[in-house]
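Given next are the chains, with one letter for each unit.
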Amino acid sequence: MVSDMAKRKPNIVDILIIVVVVALCAVAVFKFGVVNQKESAGVDDSEEQRTYTALIDEVHGSELCEHGTVGFPMTVNHDDLWAFEGKNVPIHWHNDLEISLPREGEAIYQVYRKSYTVRPGDVLLLNRNVPHSCHSPNNSHARYSTFLARPDFIYGEYGSDVERRCFRPFLQNSSVPCILLTSRNSCTRTVIQKLNETEALFDQKTFCYELKIKGLLCEIFYMILCEPQNDLAKFV
């Protein structure tokens, strides 16, 4: 004899109960898979990094987020490639000058068709409006500090001697999309020291840190831009 429950047709309440049970099962399976994946990778919750998605115009490739503020157009980022979606920074460009200072591991920058491998002890200056991407070899861990500054924040007024003689030969020179300093360059150690000082000032934000940072950036760019002076002098 069939019970009344078996004879009764399922109503909306029964359907909702089934849907909830199925959803709970799916969540449990997903969490179990994530835990296993973390355990196999040796990563616990306390070490898990936030994932960032680079905000990039999909049509033009330009970076959408602004760096710094209108009154102080520079910033310092503490970047970890594993914190980005896909553990890499996709190809993009921006109007700011960018200096990469590796802290841990190796990072490979793709600038146009050429690759540059940077390691702790190196400094990479990327020209403005230059398409570039970044990833690590074999998906290894890589941390680095990124310094971004609007060019006129450093050189001042367009048409000034500083802009015309010092920056324009680099900014408008398509043959020099970037400058890589390694241990072979005599100024690299001093540049790194001044970048470290700039980062500390930016993080601490003591009184008049903006003025000190601007002075340090002028010194840093002077030393970096003097390295390829034979190539840049042609455009003065």
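That block above? That's the structure.
The structure contained in this document is the topic of the report that follows. (Residues numbered from 1 in each chain as written. Predicted model: local features only at pLDDT ≥ 70, side-chain atom pairs only at ≥ 80, totals over all residues. Heavy atoms only, no water.)

This paragraph deals with the packing of helix α5 (residues 188-204) against helix α6 (residues 209-226). Where α5 meets α6, the closest approach of the two axes is 10 Å, and the angle between their N-to-C directions is 160°. Here α5 lies roughly antiparallel to α6, going by the angle between them. The way α5 lies across α6 gives a crossing that is left-handed. Between α5 and α6, the residues in contact are Thr 190, Val 191, Lys 194, Leu 195, Glu 197, Thr 198, Leu 201 and Phe 202 and Tyr 209, Lys 212, Ile 213, Leu 216, Glu 219, Ile 220, Met 223 and Ile 224, respectively. Partitioned by chemical class, the residues of the contact of α5 with α6 number 10 nonpolar, 2 polar and 4 charged. (Axes fitted to C-alpha atoms, helices over the stretch in contact; angles between N-to-C directions. Helix = DSSP H or I, 4+ residues; strand = E, 2+ residues; numbered from the N terminus. Parallel < 35°, antiparallel > 145°, perpendicular 65-115°, else oblique. Left-handed = near helix turned anticlockwise from the far one by under 90°. Contact = heavy atoms within 4.5 Å. Nonpolar A, V, L, I, M, F, W, Y, C, P; charged D, E, K, R; others polar.)

Note that Asn 185 resides in the loop between β9 (178-181) and α5. Excluding anything up to four places from it in sequence, Asn 185 contacts Leu 180 and Glu 227. Separated by 2.9 Å, the side chains of Asn 185 and Glu 227 make a polar contact. (Polar contact = N/O pair within 3.5 Å; in protein donor to acceptor, adjacent residues only side chain to side chain.)

This brings us to the side chain of Ser 136. In this fold, Ser 136 is placed in the loop between β7 (132-135) and β8 (143-149). Within the local environment of Ser 136, its side chain forms a polar contact with the backbone oxygen of Ser 140, the two atoms lying 2.6 Å apart. Ignoring any residue separated from it by four or fewer positions in sequence, one finds Ser 136 in contact with Leu 81, Glu 106 and Ala 142.

In this structure, Tyr 112 is a non-glycine residue whose phi angle is positive, near 55°. Inspection of the secondary structure puts Tyr 112 in the loop between β4 (107-111) and β5 (114-118).

Looking now at the state of the cysteines. Going through the model one piece at a time under the given rule, you end up with 0 disulfides. No disulfide involves Cys 226; its sulfur sits 8.0 Å from the nearest other cysteine sulfur, which is in Cys 166. Residue classification places Cys 226 among the partly exposed residues on the basis of a relative accessible area of 28%. (Disulfide = S-S within 2.5 Å. Buried < 20%, exposed > 50% of the residue type's maximum accessible area, 1.4 Å probe, protein only.)

What follows concerns the sheet that holds β7. Reading across the sheet, the 4 strands line up as β2-β7-β4-β5 and stay open at both edges, with antiparallel pairing between neighbours. What marks the edges here is a single partner per strand, and that holds for β2 (89-92) and β5. Across the sheet, the mean angle separating the axes of adjacent strands is 20° when strand polarity is ignored. Examined bridge by bridge, β4 and β7 share 4 bridges and lie antiparallel to one another. The partner of Tyr 109 across the bridge, within β7, is Cys 134. (Pairing = 2+ DSSP bridges.)

Moving on, we come to the packing of aromatic side chains. Under the definition given, this model contains 5 aromatic pairs. Between the aromatic rings of Phe 72 and Phe 153, the centroid separation amounts to 5.2 Å while the plane-to-plane angle is 85°, which identifies the pairing as edge-to-face. Taken together, the positions of Phe 72 in the loop between α2 (12-41) and β1 (74-80) and Phe 153 in helix α3 (residues 151-155) put the pair 81 residues apart, joining distant regions of the chain. Look at Tyr 109 and Tyr 144: their rings are 6.4 Å apart centre to centre, the planes differ by 70°, and that puts the pair in the edge-to-face class. Of this pair, Tyr 109 sits in strand β4 while Tyr 144 sits in strand β8, and the two are 35 residues apart along the sequence. The burial state of Tyr 109 is the same as that of Tyr 144; both residues are buried. One aromatic cluster is present, built from ring pairs that chain together Phe 72, Phe 153 and Tyr 209. Just above the ring of Trp 82 sits the side chain of Lys 87; from NZ or CZ to the centre is 4.2 Å. When the ring centre of Phe 202 is taken as reference, the NZ or CZ atom of Lys 205 above it lies at 3.8 Å. (Phe/Tyr/Trp six-rings, centres within 6.5 Å; stacked < 30°, edge-to-face > 60°. Lys NZ or Arg CZ within 6 Å of the ring centre and 35° of its normal.)

Within the element layout of this structure, Asp 122 appears in the loop between β5 and β6 (123-126). Note: C-alpha distance between Asp 122 and Leu 181 (59 residues apart in sequence) is 5.6 Å. Among all residues touching Asp 122, those that are not within four sequence positions of it are Ser 100, Leu 101, Pro 102, Thr 117, Leu 180, Leu 181, Thr 182, Ser 183 and Ile 192.

Applying the stated criterion to the full structure yields 9 salt bridges. For Glu 106, the salt bridge is made with Arg 119, and the minimal N-O distance between the two is 2.7 Å. With Glu 106 in the loop between β3 (97-104) and β4 and Arg 119 in the loop between β5 and β6, the pair connects residues that are 13 residues apart, well separated along the chain. On the accessibility criterion, Glu 106 (29% relative accessible area) is partly exposed. (Salt bridge = Lys/Arg side-chain N within 4 Å of Asp/Glu carboxyl O.)

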